[in-house]
Structures are given as structure tokens and as C-alpha cells.
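# Descriptive analysis of the structure
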Amino acid sequence: MTRRLVRDDLAGAVDAIRRGGLVAMPTETVYGLAADATDPVAVARIFAAKGRPVDHPLIVHLADPEDLDHWAPDASAVAHRLATTCWPGPLTLIVPRCDLLPAEVAGGRDSVALRVPAHPMARELIRLAGVPLAAPSANRFGAVSPTTAEHVRRDLGDVVDVILDGGPCPVGVESTIIDTTVSPVQVLRAGAVTADQVAELLEATVDAPSGPARASGMLASHYAPRCQVRLVDTSDDAVAIAAGTARSRILDLTHDAARYARDLYSELRRADDDGVATLIAVLPDAHGLGHAIRDRLTKAAAPRP
Ligand code: TXA
Ligand code: MG
């Protein structure tokens, strides 16, 4: 059965979480597919619903920055500093995992990903549920992340118990992921909190991604729509290529990086809905939010398996 979207059924959502079910919740980045992070059976439902390999760890969402101590007693001073400054917000911290969180939620690792989302509906849900919520993006594995409740309904409407509609996600790309278990800390995924901001906050150097992919969002060919995505550096290049390409469309929001990030996944989906064969995307400059947009576009354009 396809679920209806609900704006204010927090009680129903809390009830679903308590029964070990799945709730789609809005966050400021993308919609998450949430379940009780302390319950391995509920966590297994997330992997099954997404079709996600069980060794790909999930992000655990906390209600308040002060909860870091309880759920990650071994988190470093650097992790605390970032949590205090950037939470609630689009930043995920990799910290040592303690036994309160099952190995399943971390894909078997001895570290775990934590974040406090900024969306009021997500925080209220976590508070009322009384447990941290494991939540990957609420899409099938490898597909484009959802930034509206309607996106979730179309992808996963038949497997979630409740879809909370909190409106379109204001950031639009997934959280920045920082591994605080290594020194210097390492950026595993670019997002709205930039590496430069983190370096400035910590008054320290920050490593860019290197070596084999450690986060699933780092695999080539993730976030992929059905249409081909072609990347270009300038609007003029886009226009020239579009002239010779059948059923093409240009995506160029380079004048406004925040809007580019916010609308990116909707635009990828809309291209598919409209039968576009080739989406020609103009890459924004590689600074600030531009890093995250370039990263997601590059993955959308990567060769498919
Ligand atoms: O903005 C977001 O982060 C959204 C919203 C819903 O919060 N969530 C999200 O989750 O993007 P997901 O599952 O699509 O991406 C989680 C990423 C994956 O790339 C995963 O590999 C990485 O976090 N991750 C989780 N735990 C990790 C760990 N212990 N070490 C390294 N990477 C980890
Ligand atoms: Mg995802």
C-alpha cells in the first residue's frame, strides 16, 4: 500500500518507531528513512527497504548536541568542538562507537556516524521517540536522494509506515561527513559545512578524501538519475553541446550556489520525468558549497555499473 503524506502525525510516527517500523523524516539536507538506531531488527528493515548492502554504515541522528557525551563517550575534543559549533546542522561526525549502538547500524565498524539535524520536525520526532534514529537518505540504494515528501512517496511509499511532510529540504545535499577518529580530521563527504570552515574552526589542517572509498556516497555512480548527465565548465559550452544533442536540457544554476544545491536533486528527477535523454550540467566553481555540488554532479555523471 502506498502511504499518504502526513504533516502533523508525529504521534503516529513515534508509535511506528517504537514498534520497530520505518518513518520518512524531513531534515534540512535530504529526507531520511528513520528507525530506532538501538534496535538491530529495525535497523535491518532500513537496509532491506533501501536495497543497501549491510556493510554500508548508517548515520545516527540525535535530538540535541548535549547527547553526544551519552552516545559517544569516547568522542575526541575535536569532535566536541565541532558538535558544539555546528550542531544542529548539516554536519556528520565519525566517532568511536560504544556498545549502546549496535554494530549493525555501523555496518560492523567500531566507529559510528552521528549528527543532530536542524529540521524542527526531525528533532521533535527524535525527542519524542526517546531513542536516536538511524537514517540514511530515503531513496533506493544508488538513486537520487529525496528532497520532498513526494519524492519519498514515489521511491519508498510501499515500504515505509509513515511519511512526515516537512516541506522541501532547504539545503538539498547530504551533510558534510568528517572523520574525527583520525588526525588531522578527514572530510569523507563534502556538504554545506565546508572543509575551509572546519579548518578555520579547529585552527588546524583538514584532509580531503583519499584512497579507497570509505563512505558509500563516495562510490562512483551514486546519486544517479536515469538520464545521461554530461558535465561542462561554462554556459557557452552547454549551449554548444545542447545544439547537437537530441532530447537534451541544460542545468545551470551557477549564479546561485545555495539554490543549485537546494534544487539539484529535484532537477535530476524532473529531467527523468520529462523524458530528457541528456542533462548538460554546468559545474559551479570549486569553492564553498560548490564542492558538494560538483561532487554530486560528478557521481551522477559517472559510468553506471
Ligand atoms: O544529510 C545526511 O547526512 C542524510 C540525512 C538523512 O541525515 N543522510 C545520509 O545518509 O546521507 P546516507 O546513509 O545516505 O549516507 C551516510 C554516509 C554513507 O556514505 C556512509 O558510508 C557514511 O555516511 N558513514 C556512516 N558511518 C560511517 C563510518 N563509521 N565511517 C565512515 N563512513 C560512514
Ligand atoms: Mg544516500
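Bear in mind the structure is a predicted one, so any value in this text is a computation, not a measurement.

A few words now on the sheet that holds strand E13 (residues 278–282). Ordered by their spatial adjacency, 3 strands build an open sheet running E11-E13-E12, and the pairing between neighbours is parallel. Of all strands in the sheet, those with a lone pairing partner are strand E11 (228–232) and strand E12 (248–251), marking the two edges. Within the sheet, the average angular offset between the axes of one strand and its neighbour, ignoring direction, is 25 degrees. By the bridge criterion, 5 bridges tie E11 to E13 in an arrangement that is parallel. By the bridge assignment, valine 232 is partnered in E13 with valine 282. The strands touched by helix H9 (residues 257–273) are E12 and E13; relative to E12, the strand with the most contacts, the crossing angle is about 175 degrees. Lying over the sheet, helix H10 (residues 290–301) contacts E11 and E13, oriented at roughly 135 degrees with respect to E11.

A few words now on the packing of helix H1 (residues 10–18) against helix H5 (residues 120–129). In contact at an axis separation of 9 Å, H1 and H5 are set at 50 degrees when each is read in the N-to-C sense. It follows that H1 is oblique to H5 by the angle criterion. Considering only the axes of H1 and H5, their crossing is right-handed. Here Leu10, Ala13, Val14, Ile17 and Arg18 of H1 come into contact with H5, specifically with Met121, Glu124, Leu125, Leu128 and Ala129. Looking at the contact of H1 with H5, its residues break down into 8 nonpolar, no polar and 2 charged.

Its place among the elements puts glutamate 28 in the loop between strand E2 (23–25) and strand E3 (32–36). The exposure class assigned to glutamate 28 is buried, which follows from its relative accessible area of 5%. The residues touching glutamate 28, leaving out its near neighbours within four places in the chain, are Gly89, Pro90, Arg115, Pro117, Ala118, His119, Cys169, Pro170, Val171 and Gly172.

To continue, consider the pattern of salt bridges. Should their charged atoms come close, side chains of opposite charge can pair. Applying the stated criterion to the full structure yields 17 salt bridges. Taking the shortest distance from any N to any O, the salt bridge between lysine 299 and aspartate 295 comes out at 2.4 Å. In this pair, lysine 299 and aspartate 295 are both assigned in helix H10, 4 residues apart and thus about one turn of the helix distant. Each member of the pair, lysine 299 as well as aspartate 295, carries the same accessibility label: buried.

Cut-offs and rules
Residues numbered from 1 in each chain as written. Chains lettered and ligands numbered in written order. Predicted model: local features only at pLDDT ≥ 70, side-chain atom pairs only at ≥ 80, totals over all residues. Heavy atoms only, no water. Pairing = 2+ DSSP bridges. Helix = DSSP H or I, 4+ residues; strand = E, 2+ residues; numbered from the N terminus. Axes fitted to C-alpha atoms, helices over the stretch in contact; angles between N-to-C directions. Contact = heavy atoms within 4.5 Å. Parallel < 35°, antiparallel > 145°, perpendicular 65-115°, else oblique. Left-handed = near helix turned anticlockwise from the far one by under 90°. Nonpolar A, V, L, I, M, F, W, Y, C, P; charged D, E, K, R; others polar. Buried < 20%, exposed > 50% of the residue type's maximum accessible area, 1.4 Å probe, protein only. Salt bridge = Lys/Arg side-chain N within 4 Å of Asp/Glu carboxyl O.

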